[in-house]
Amino acid sequence: MISQVFILSSKGDHLIYKDFRGEAGSDVVSVFYEKVTALTGDQPPVVMSHKDLHFVHVRQGGLYWVATTTADSSPFTIIEFLNRLTALVKDYCGSLSEKSVQMNFALIYELLDEIVDYGYIQTTSSDVLKNFIQTEAVSSKPFSLFDLSNVGLFGAETQQSKVAPSTAATRPIQSSREQGGKSEIFVDVIERMSVVIGSNGVLMKADIEGEIKVKCYMPSCSEMRIGLNEEFSIGKSQLRGYGAAVRVDECSFHQAVRLDEFDTHRILRLCPSQGEQTVMQYQLSDDLPSAPPFRLFPTIERDSGGRLLMYLKLRCDLPPKSAAINVCATIPVPKGSVSLSQELSSPDQSAELKLQSRAVDWQIPRFPGGTQLSALFKLEVPGLSSASMLEVGPVGLSFELPKITVTGLQIRFLRLSPVQPGPSQRWVRYVTHSDSYTIRI
Amino acid sequence: MPYLGSEDTVRELRRALSNPNIQSDQLRYRNTILKVIRAMSQGVDVSGLFSEMVKACATVDIVQKKLVYVFLCSYATLNPELSLLVINTLRKDCQDPNPMVRSLALRNMTNLRLPSLVEYVEQPLTAALRDRAACVRRVAVLGWAKLHNLQPNSEIDAAVVNELYSLLRDPDPVVMVNCLRALEEILKEEGGVAINKPITHHLLNRLKDCDVWGQCEVLRILQRYQPQSEDELFNILSLLDASLVSPHPPVMAATLSLFLSLCSGLPAVSLAALERVRGPLLAACGSTSREMRFTALCHIQLLLRSLPGLMGAHYKRFFCGYAEPAYIKQRKMQVLVELVNDENVAMLLDELKGYCTDVNTDTAQAAITAIGRIGRSYSDSCLQILTGLLALKQDHITSAVVQTMRDLVWVCPQCSDTVCLALEGCEETLQDSQGRQALLWLLGVYGERVSSAPYTLEVFIDGVRCEASLGVKMELLTTTMRLFLCRPAETQDMLGRLLHYCIEEETDMCVRDQALLYYRLLHRGIGETRKVLQGRRSDPSLGVLIGRPAEPISQWARSFNTLEPLRQGTIETESASRGSPEHVTFEPKTNTDLSDTLSCSQVEKVHSDSDSASRRTDSCADVLASSVAVALSLSLFPALSPEEFEHLWLQRQDLHSKQGAEKMVEEEDYVCLEASFQSTAIPHCSPQSLQAGLQLVNIQTLAFTPPHTLPWRVYLYTHAQHGHSGDAPRSTLILGELLHTGEENNRAGAKKGMCDGDVGVEGMQAERVREGVQTTDDGLSGKESVRKEEEVKVTLKQQPRDDQALKGFLSILKTVLHTLSSERN
């Protein structure tokens, strides 16, 4: 049972406040903000209490999404609800930010009114909601010259229009109503990777959590069939043949997915509702089908002048045609490091000593597969001792691998039936990203 | 309009709202209303616009209607009279052919929260229960709950309740779930909606039609159902099996909760259910949402209490990600500590070592503490890591390491050699008071083994003038005294200086009194001083609590899937971090200090009961200081292992039950005694404080049930000695059990069973004790005597027999328990 729901900006501005049961006053909003800003960081901020009232909050898009409730309610339910609310707001407003929430507050009030009544969650399915939500979304798109570049001379099709811009999927679902021509469907295969590689180069832990997300902008779509790799297998026992099997440990599906063709042909059938939904989730632990994408060869020593020398060679083991983007290596350095001088192998890279986080951030915007980059960092550390070397590392990498899935999961085909009248576009996108790729030194 | 004051804003808006030009232009009208709502949600008081907004309500534009309703529902309570005007529009809308308009009108009619309008609302609400459209019925059902809560005292129409019960069979699942919710609120006084067999099975069959939220609600309400037979129970369980492994964490958690409540009598089935949810829970631990991950981790901690081996093979799933927030990392470390075993210990320590140099100091300290916890079982490798960390010479790491070492040495005395070696040179890096206190304690206790101890102390003593922390000063005094006992030549001079400063110049009374106490103690001679100051260095028996056995599921089943496990964490992490007062109080180290410094002559003096009643104070010091006739000393040596205890306890019991009452008299060297205390708070005391309190008087607790459980038990033992009449001291072993069954005080039956045939002495004694307790209670303020009296039953077994010692022991025990309970109050 939810007593109130409110949304606060990170600066504490009241964006949305909705009281469902009239049990507590609106002053709890400021109480919440005081509490959350008073946190020192070592306390778990998810649940806080004030008198009889309990605040449960999630942080998404730089905003606090807060529900107040009683002590005996299920945290799983409340947190899932808040996450679902953020997803709905994202679907309806296009993106999740302070600005979009501010501009669409009427829409969000309307949404809240429909999904919760008297503190009880009624429905959060976008299929049901689309009949009730009347307000149009106001999208906050800044004027950009890039928008013009898509339109060729005299309206001719240009090369760029073959690839969907990355912002294509961040628009409100409802605008499809009047722009009848833009009926699109996006299928995203997203994998999150967390890896620990020991100092001897041995893979110590690897976890992949993947999901297939469907984002549908079609006003009506009766059935969609998603074909996965035929050699896709679940669990350890089912390895068949000699082919490179695509294997996951565990797999779960959205309840709307029909699996009658899954066992034989690996086809998922579903009727996507408008907006975003996760069709399938899967996990794979410890047993990667390919080598981990990055290897690090560090040499760390003290030179005679008391400086710390770090010579790092980073190799990208992806296939030659693909590349990793937005690679950022964070190398913790000893406390008291003062300055950094660097030699990087190419001009587009950059490195910076972050005193706040006591680390060197090495940014590589693009890192093609099969290549190797090197960097030499010289650090001035007053009072460097041999023990300080212990503080160097482990190196944390974060990166994105576009067009690649580490498990090898692919979408063979995507069919819509009946065939959509008018121009409809189907997009399949793959991405693997990691914010927890740790290499010990 | 940020540059306008709120009054100007309202005036501006009012002008716009009443402008006929704007009113005739639908879009402009809507935009103006939008501005009002925006101002409202930004916190501007726009209640003055109520009458204008009421007018705006009569429109065909649904968006505008919705906006106006948002406004009206927020301000209706301030304008009850004007709200009457809206009712007409709303009632008209209830007849609208569009079901959306009908449901909207109905919902907002019930959301106005005005008791005066109830009479106008009831009729449309009744009609709406039979509406064709499901969305209207959904609103109507909940509307009744809202009405009922508006006038909680009014009798709800039985016809409505019947109608709601029949709507449980509504084809729309949301209507069904809403009926459950509404009935639950309306019938709150009768204990909520009646869950009988047909309803249960109906709900279970409809479960798969509901969405996630509906399922959770149904599963939660079904917890009240008691299956009539085992067959039925297993039928239900098999129906629920699919949702137990649901990919939706809320459903999974609600199902497990229901499972645990249904199978409370079948522990094996419950354990099997825990095994089943392992997969979904682990998946939730890897969820994209950090908050969901945190929730799952907290609940895994609960599960581990009953099934420590549950996640053993999956320990890698709890390794911390580089970018994870600190609160998740700390939770994961707490879980990792629980999962340690012979196979993974190397891997785990390696991982934890990596966290020790984390940028976030709290995370780093949590990692060090975690290593210390593992060190209780695998001390060598952990100490190696800890000593390695000292070389980093960073204040927060050193401080955490020294504190961890102090706690480790207290439990594992075999580590002391390594620790003593590692301590050299630490004082230069230590900055915070907690770390310095820990260092001082270690120096005091192991001073003879740390060669540089006097020099380290000298630095502290020279700087005592600028010392801000009270704790450090107190610790410094004790440490210097202790070091003086083992290395007098090096320490005498600085002890003199310190005592002089503390007595002559120190402004804090605590420090000054402590110094005076030591000063006078030294006057009594070195032997006395040694007796007082040289206490125990370690307490291996604490290990019993660490390798604790699996708890029964019923201990935590009630709090599963509530906010409690998440909040508990707050407290735990707080006390795990340094600086919180509870931590300081319950830290084993502090206990020793108290017991060492306060047990002035190791002779606990027992006083008569009435005396204790009049002198009952909060401080244990006073308990010990109060003087009396019988000199009795308690000691913990030789230590008794839990197995030995159990053996002795059971053996005595057998003996007792086998032999008849008359034989008891002949059993010269054995005595069994039962007594009871009226003590309101004892069973709710935390085990730490109870243990600390009892150790203060040298009573060792061996095992507890956690607080708030029934029956609540504590087992304890001590060796009693009294050299009363000058002859050779007799030593006797006393075993005891505290039992609290939660029943109301039953004085007549307080002394029963095992003791019946006992000799007169014991009977009288128990009688006296009870009287004493009564006077205690009567002597208290009115507040306390009003409170419900609860009884703690004490069973004591003694060997060899020594009535006086037993009497004394009982009295000491009673005083401690009273002190503890009064502290709690």
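Residues numbered from 1 in each chain as written. Chains lettered and ligands numbered in written order. Predicted model: local features only at pLDDT ≥ 70, side-chain atom pairs only at ≥ 80, totals over all residues. Heavy atoms only, no water.

When helices and strands are tallied, chain B shows 42 helices and seven strands. In chain B, buried positions account for 57% of the 825 residues. For chain B, contacts bridging at least 24 residues in sequence account for 71% of all contacts bridging at least 6. A total accessible area of about 34300 Å² is found for chain B, and carbon and sulfur atoms account for 52% of it. (Helix = DSSP H or I, 4+ residues; strand = E, 2+ residues; numbered from the N terminus. Buried < 20%, exposed > 50% of the residue type's maximum accessible area, 1.4 Å probe, protein only. Contact = heavy atoms within 4.5 Å. Areas by Shrake-Rupley, 256 points an atom, 1.4 Å probe, with all protein chains shown as cover.)

Time to look at the overall build of chain A. Per the secondary structure count, chain A includes seven helices and 25 strands. Put simply, chain A has 441 residues, and 53% of those count as buried. For chain A, restricting intrachain contacts to residue pairs at least 6 apart in sequence, the fraction spanning at least 24 positions comes to 69%. Put simply, chain A shows about 18900 Å² of open surface, and 53% of that area lies on carbon and sulfur atoms.

Another aspect to go through is the pattern of salt bridges. For the coordinates displayed, the defined rule picks out 58 salt bridges over all chains. A salt bridge links arginine 269 of chain A to aspartate 260 of chain A, with the nearest nitrogen and oxygen atoms 2.8 Å apart. Here the salt bridges share partners, and the residues they tie into one network are Lys18, Glu110, Asp113 and Glu114 of chain A together with Lys66 and Arg107 of chain B. (Salt bridge = Lys/Arg side-chain N within 4 Å of Asp/Glu carboxyl O.)

Another point: the environment of glutamate 448 of chain B. For glutamate 448 of chain B, the position within the fold is in the loop between helix H24 (433-445) and helix H25 (453-462). Excluding anything up to four places from it in sequence, glutamate 448 of chain B contacts Cys486, Arg487 and Arg537 of chain B.

Further remarks concern the interface of chain B and chain A. Every contact between the two is made by 81 residues of chain B and, on the other side, 81 residues of chain A. Here chain B packs against chain A, burying approximately 7100 Å² in sum over the two surfaces, 56% of which is carbon and sulfur. Taken as a group, Trp213, Tyr322 and Leu563 of chain B account for 11% of the area that chain B buries against chain A, more than any other trio of residues on that side. Summed over the shared surface of chain B and chain A, the number is nine salt bridges. (Buried area = accessible area lost by both parts, 1.4 Å probe.)

One finds Trp65 of chain A together with Val46, Phe71, Leu72, Leu256 and Phe318 of chain B to be the most contacted residues of the largest nonpolar core, which totals 252 residues. Beyond its immediate sequence surroundings of up to four residues, phenylalanine 318 of chain B is in contact with Leu282, Cys285, Leu297, Ile300, Met311, Lys332, Val335, Leu336 and Leu339 of chain B. Counting residues in each nonpolar core, the second largest holds 41 residues, with Val195, Ala375, Phe377 and Leu384 of chain A among its members. (Core = buried A, V, L, I, M, F, W, Y, C linked by side-chain atoms within 4.5 Å.)

The next subject is the packing of aromatic side chains. Within the structure shown, the criterion is met by 22 aromatic pairs over all chains. Between phenylalanine 71 of chain B and tyrosine 75 of chain B the ring centres are 5.0 Å apart and the planes differ by 50°, which places this aromatic pair in the tilted class. You can see phenylalanine 71 of chain B and its partner tyrosine 75 of chain B sitting in helix H5 (residues 62-75), four residues apart, about one turn around the helix. Each member of the pair, phenylalanine 71 of chain B as well as tyrosine 75 of chain B, is classed as buried. An aromatic cluster is built from Phe6, Tyr17, Phe32, Phe55 and Tyr64 of chain A, whose rings are joined through pairwise contacts. The ring of tyrosine 64 of chain A is capped by arginine 59 of chain A, whose NZ or CZ atom sits 4.4 Å from the centre of that ring. Its end group placed over the ring of phenylalanine 262 of chain A, arginine 266 of chain A keeps NZ or CZ at 4.7 Å from the ring centre. (Phe/Tyr/Trp six-rings, centres within 6.5 Å; stacked < 30°, edge-to-face > 60°. Lys NZ or Arg CZ within 6 Å of the ring centre and 35° of its normal.)

Residues and elements named next belong to chain A. In space, the five strands of this open sheet follow the order S2-S1-S5-S4-S3, with antiparallel pairing throughout. Edge strands, defined here as strands with exactly one partner in the open sheet, are strand S2 (14-19) and strand S3 (47-50). The mean inter-strand angle of the sheet, taken between neighbouring strand axes irrespective of direction, is 20°. Strands strand S1 (2-9), S2, S3, strand S4 (53-60) and strand S5 (63-69) of the sheet are contacted by helix H1 (residues 28-38), whose axis makes an angle of about 60° with S1. Where helix H4 (residues 105-115) meets the sheet, its contacts fall on S1 and S2, and the angle it forms with S2 comes to roughly 25°. (Pairing = 2+ DSSP bridges. Axes fitted to C-alpha atoms, helices over the stretch in contact; angles between N-to-C directions.)

The next thing to look at is the sheet that holds strand S24 (residues 411-417) of chain A. Residue and element names in this part refer to chain A. An order of S14-S10-S24 is seen for the three strands of this open sheet, with the pairing classed as antiparallel. The strands lining the two open edges of the sheet, one partner per strand, are strand S14 (267-270) and S24. Neighbouring strand axes in the sheet, compared pairwise and without regard to direction, differ in orientation by 15° on average. Two elements, strand S10 (residues 223-228) and S24, share six bridges in a ladder whose sense is antiparallel. Its bridge partner lying in S24, glutamate 223 is registered against serine 417.

Another aspect to go through is the packing of helix H19 (residues 345-355) of chain B against helix H20 (residues 361-375) of chain B. All names here are of chain B. Axis separation between H19 and H20 bottoms out at 8 Å; the angle between their running directions is 155°. If you check the angle between H19 and H20, you find them roughly antiparallel. For the pair H19 and H20, the sense of crossing is left-handed. On the side of H19, the interface is formed by Val345, Leu349, Leu352, Lys353 and Tyr355, while H20 contributes Thr363, Ala364, Ala367, Ala370, Ile371 and Ile374. (Parallel < 35°, antiparallel > 145°, perpendicular 65-115°, else oblique. Left-handed = near helix turned anticlockwise from the far one by under 90°.)

Residues and elements named next belong to chain B. The pLDDT averaged across chain B works out to 77; a share of 76% of its residues lies at or above 70. Per-residue pLDDT stays below 50 along residues 658-668; that stretch engages in 10 contacts with residues further than four places along the chain or on separate chains. Below a pLDDT of 50 lies the segment residues 744-789, which in the model reaches 77 contacts outside its immediate sequence neighbourhood of four places, other chains included. Complex prediction metrics read pTM 0.75 and ipTM 0.82. (pLDDT = per-residue confidence, 0-100.)

Another aspect to go through is the environment of lysine 51 of chain A. Structurally, lysine 51 of chain A is set in the loop between S3 and S4. For the pair formed by lysine 51 of chain A and serine 30 of chain A, sequence separation is 21 residues and the distance between their alpha carbons is 14 Å.

What follows deals with the side chain of lysine 205 of chain A. Its place among the elements puts lysine 205 of chain A in strand S9 (residues 203-216). Residue lysine 205 of chain A is classed as buried on the basis of its relative accessible area of 5%. Within the local environment of lysine 205 of chain A, its side chain forms a polar contact with the backbone oxygen of lysine 316 of chain B, the two atoms lying 3.3 Å apart. If sequence neighbours within four positions are ignored, lysine 205 of chain A has contacts with Ser194, Val195, Val196 and Asp286 of chain A together with Lys316 and Phe319 of chain B. (Polar contact = N/O pair within 3.5 Å; in protein donor to acceptor, adjacent residues only side chain to side chain.)

Attention now moves to the packing of H4 of chain A against helix H3 (residues 26-41) of chain B. H3 of chain B packs onto H4 of chain A with a crossing angle of 75° between their chain directions and a minimal axis gap of 10 Å. As far as their axial angle goes, H3 of chain B and H4 of chain A are roughly perpendicular. Across the interface between the two elements, Phe105, Ala106 and Tyr109 of chain A of H4 of chain A pack against Leu34, Ile37, Arg38 and Ser41 of chain B of H3 of chain B. Its residues placed into classes, the contact of H4 of chain A with H3 of chain B shows five nonpolar, one polar and one charged. (Nonpolar A, V, L, I, M, F, W, Y, C, P; charged D, E, K, R; others polar.)

Within the element layout of this structure, leucine 67 of chain B appears in helix H5. On the basis of relative accessibility, which here comes to 5%, the residue leucine 67 of chain B falls in the buried class. For the pair leucine 67 of chain B and valine 36 of chain B, spaced 31 residues apart in the sequence, the C-alpha separation amounts to 9.3 Å. Not counting residues within four places of it along the chain, the set of residues in contact with leucine 67 of chain B comprises Ala106 of chain A together with Arg30, Ile33, Leu34 and Ile37 of chain B.

Here the focus is the pairing of S4 of chain A. Residue and element names in this part refer to chain A. Most of S4 sits out of view: six of its eight residues are buried. Alignment of S3 against S4, held across four bridges, turns out to be antiparallel. By the bridge assignment for S4, histidine 50 is matched with leucine 53. Taken together, S3 and the strand that follows it, S4, pair antiparallel across an intervening segment of two residues, in which lysine 51 is found at a positive phi of about 50°. In this structure, S4 lies alongside S5, joined through seven bridges in antiparallel fashion. Bridge pairing in S5 places arginine 59 opposite tyrosine 64. From the end of S4 to the start of S5, which pair antiparallel, there are two residues, and glycine 61 there has a positive phi angle of about 55°.

A separate point is the state of the cysteines. All names here are of chain B. Going through the model one piece at a time under the given rule, you end up with zero disulfides over all chains. You can see cysteine 135 has no disulfide; the closest cysteine sulfur is in cysteine 94, sitting 12 Å from it. Free cysteine cysteine 320: the closest other cysteine sulfur is in cysteine 356, separated by 11 Å. Judged by its relative accessible area of 6%, cysteine 320 is buried. (Disulfide = S-S within 2.5 Å.)

Our next topic: H1 of chain A. Residue and element names in this part refer to chain A. Residues of H1 that are buried include every one of Val28, Val29, Val31, Phe32 and Val36, and no others. One face of H1 carries all of its buried residues, which in axial projection span an arc of 160°. Residues of H1 that are exposed and point more than 90 degrees away from the buried face comprise Glu34 and Ala38. The inward-facing, buried residues of H1 abut S1, S2, S3, S4 and S5. (Arc of directions from axis to C-beta.)

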